[in-house]
Amino acid sequence: QLQLVESGGGLVQAGGSLSLSCAASEGTFTTKGMGWFRQAPGKEREITAAISREYGTTYYPDSVKGRFTISRDNAKSTIYLQMNSLQPEDTAVYYCAATNYNNAIDPNYYNYWGQGPQVTVSS
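To start, this report covers the structure provided alongside it. (Residues numbered from 1 in each chain as written. Predicted model: local features only at pLDDT ≥ 70, side-chain atom pairs only at ≥ 80, totals over all residues. Heavy atoms only, no water.)

**Topic: the overall build of the chain**
And step 1. Tallying secondary structure elements over the chain gives zero helices and 11 strands in all.
And step 2. What you see in the chain, going N to C, is helices and strands ordered as β-β-β-β-β-β-β-β-β-β-β.
And step 3. For 123 residues, the compact-globule estimate of 2.2 N^0.38 gives 14 Å, and the C-alpha radius of gyration of the chain, at 13 Å, lies within 12% of that figure.
And step 4. For the chain, the C-alpha atoms occupy an extent of roughly 40 × 25 × 25 Å along the three principal directions. (Helix = DSSP H or I, 4+ residues; strand = E, 2+ residues; numbered from the N terminus. Rg over C-alpha atoms; globule rule 2.2 N^0.38 Å.)

Printed below as a string of structure tokens:
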């Protein structure tokens, strides 16, 4: 089974930036659509960014459009999330995820999940 190991996160002041990374342990990385989801206290898990398994097509919800960037490095079996202009509303646990579909925005379509990390944005 695919294992996803995340790194990054931390505490940042509003307006600042953070980067997250997610490394896959299996050689099937290029067959997976990848995504970042976040879950704030008391909230449902929501799509943050997604990138297709082919062509690198990306998706962002309006809440992060223009501020967050997802990318993938197939040689390193790693995806990244660059987060700029962070706001307190972005505070959440950020999960890396993989799907057997080309891409998806519904978390129910994702088969593999990382463990975090926490991102906290202060006012």
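**Section: the sheet that holds strand E3 (residues 18–24)**
And step 1. Strand order across the open sheet formed by four strands is E1-E3-E8-E7, with antiparallel pairing between neighbours. Each edge of the sheet is formed by a strand with only one pairing partner; in this case those strands are strand E1 (4–8) and strand E7 (68–73). Averaged over all pairs of adjacent strands, the angle between strand axes in this sheet comes to 15 degrees, irrespective of strand direction.
And step 2. Taken together, the six bridges between E3 and strand E8 (residues 78–83) define a ladder with antiparallel strand orientation. Within E8, the residue paired with Cys-22 across the bridge is Ile-79. (Pairing = 2+ DSSP bridges. Axes fitted to C-alpha atoms, helices over the stretch in contact; angles between N-to-C directions.)

**Section: the side chain of Thr-78**
And step 1. As for its placement among the helices and strands, Thr-78 is situated in strand E8.
And step 2. Within the structure, Thr-78 has its side chain in polar contact with the backbone oxygen of Lys-76 (distance 2.8 Å).
And step 3. Not counting residues up to four positions away in its chain, the partners in contact with Thr-78 are Ser-21, Cys-22, Ala-23, Phe-29, Ser-71, Arg-72 and Asp-73. (Polar contact = N/O pair within 3.5 Å; in protein donor to acceptor, adjacent residues only side chain to side chain. Contact = heavy atoms within 4.5 Å.)

**A short note on the nonpolar core**
And step 1. By size, the foremost hydrophobic cluster in this structure holds 27 residues, and its most contacted members are Leu-4, Met-34, Trp-36, Leu-81, Met-83 and Tyr-94.
And step 2. Contributing elements (two or more residues each) for this core: E3, strand E4 (33–39), strand E5 (46–51), E7, E8, strand E9 (92–99) and strand E11 (118–122).
And step 3. Of all hydrophobic cores here, the second largest spans six residues; its members include Phe-37, Ala-50, Ala-97 and Tyr-110. (Core = buried A, V, L, I, M, F, W, Y, C linked by side-chain atoms within 4.5 Å. Buried < 20%, exposed > 50% of the residue type's maximum accessible area, 1.4 Å probe, protein only.)

**So, the pattern of salt bridges**
And step 1. In the structure shown here, the tally under the stated rule is three salt bridges.
And step 2. Arg-67 is the partner of Asp-90 in a salt bridge, and the nearest nitrogen-oxygen pair spans 2.8 Å. Of the two residues, Asp-90 sits in the loop between E8 and E9 while Arg-67 sits in the loop between strand E6 (58–59) and E7, which places them 23 residues apart along the sequence.
And step 3. Using a relative accessible area of 2% as the deciding quantity, one classes Asp-90 as buried.
And step 4. One connected set of salt bridges, linked through shared partners, spans Arg-38, Glu-46, Arg-67 and Asp-90. (Salt bridge = Lys/Arg side-chain N within 4 Å of Asp/Glu carboxyl O.)

**A few points about the state of the cysteines**
Chemically, a disulfide is nothing more than a covalent bond linking the sulfur atoms of two cysteines.
And step 1. A complete count under the given rule lists one disulfide for this structure.
And step 2. With a sulfur-sulfur separation of 2.0 Å, Cys-22 is cross-linked through a disulfide to Cys-96. With the S-S dihedral at roughly -75 degrees, the linkage between Cys-22 and Cys-96 falls on the left-handed side. Of the two residues, Cys-22 is situated in strand E3 and Cys-96 in strand E9; the sequence distance between them amounts to 74 residues. (Disulfide = S-S within 2.5 Å.)

**Side note on the environment of Cys-22**
And step 1. What makes Cys-22 buried here is its relative accessible area of 1%.
And step 2. In this structure the C-alpha to C-alpha distance between Cys-22 and Ala-98, which are 76 residues apart in sequence, comes to 10 Å.
And step 3. Apart from residues no more than four positions distant in its own chain, Cys-22 is found in contact with Leu-4, Val-5, Glu-6, Trp-36, Ser-77, Thr-78, Ile-79 and Cys-96.

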